[in-house]
Amino acid sequence: MVRELRLVVTASDYDEALRFYRDVLGMDELGAFSSPGGRVTILDAGRATLELADPPHAAYVDEVEVGRRVAGHIRVALQVDDATAVTAVLAGNGAQVIAEPVRTPWDSLNARLDGPAGLQLTIFEELDRLGQG
């Protein structure tokens, strides 16, 4: 039985990636370790899931969020309380906005960004299912 999903990212600009994901996005630091000439930090990203999509569905999500196919085979989706505010904060801290937040057919507000360490990010906010979101 899997107990944790850990996405391991090699960041050529480790300090910038750590600042962005820990300090700007607010992921708590669970541990930091070093090796001869190297460093690693484990950040808490909340509950993790593995979302598997076939190519047609991945293209559909890109079309909804961005208007064209832009993601590679890995995209990191992070749920936040306020997608619009978080997108602005991330853009002001080095992320490149690919698409501003848009309401999706699955009733969430999703933005797409290029973040440090070569990660394409979906920042999403679950909207109220009763139409009040």
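Up top you'll find the structure we're talking about.
Residues take numbers from 1 onward in each chain, read along the sequence in its written order. Since the coordinates come from a predicted model, pLDDT governs what is reported: local features require at least 70, and pairs of side-chain atoms require 80 or more to be given and counted, while whole-chain, interface and lining totals use all residues. Values shown for side chains rest on all heavy atoms present in the structure; no hydrogens or waters enter the calculation.

A. Broad picture of the side chain of Asn110. Inspection of the secondary structure puts Asn110 in strand S5 (residues 108-115). Of the residues examined, Asn110 reaches a relative accessible area of 3% and is grouped as buried. Contacts described as polar in this section are N or O atom pairs within 3.5 Å, which, within protein, must combine one atom able to donate a hydrogen with one able to accept it, while residues neighboring in sequence count only if both atoms come from side chains. For Asn110, the side chain forms a polar contact with the side chain of Ser108, separated by 2.6 Å. Any two residues having at least one pair of non-hydrogen atoms within 4.5 Å are treated as being in contact. Residues contacting Asn110, with those up to four places away along its chain left out, are Glu65, Glu100, Pro101, Val102, Thr104, Thr122, Ile123 and Phe124. Secondary structure elements follow DSSP: runs of H or I of four or more residues count as helices, runs of E of two or more count as strands, with numbering from the N terminus. Whether a residue is buried, partly exposed or exposed follows from its accessible area with a 1.4 Å probe, protein chains only, as a fraction of its type maximum: under 20%, in between, or over 50%, in that order.

B. Representation of helix H2 (residues 55-65) within the structure. Regarding H2, the residues found buried are Ala58, Val61, Asp62, Val64 and Glu65. What you see down the axis of H2 is that its buried residues fit within an arc of 165°, all on one side. Turned more than 90 degrees away from the buried face of H2 sit Pro55 and Pro56, all of them exposed. Against strand S4 (96-103), S5 and strand S6 (119-126) lie the buried residues of H2. The distance from a side-chain oxygen at the start of H2 to the backbone nitrogen of His57 is 3.0 Å, and the residue carrying that oxygen is Asp54. By construction, the arc corresponds to the directions joining the helix axis to the C-beta atoms.

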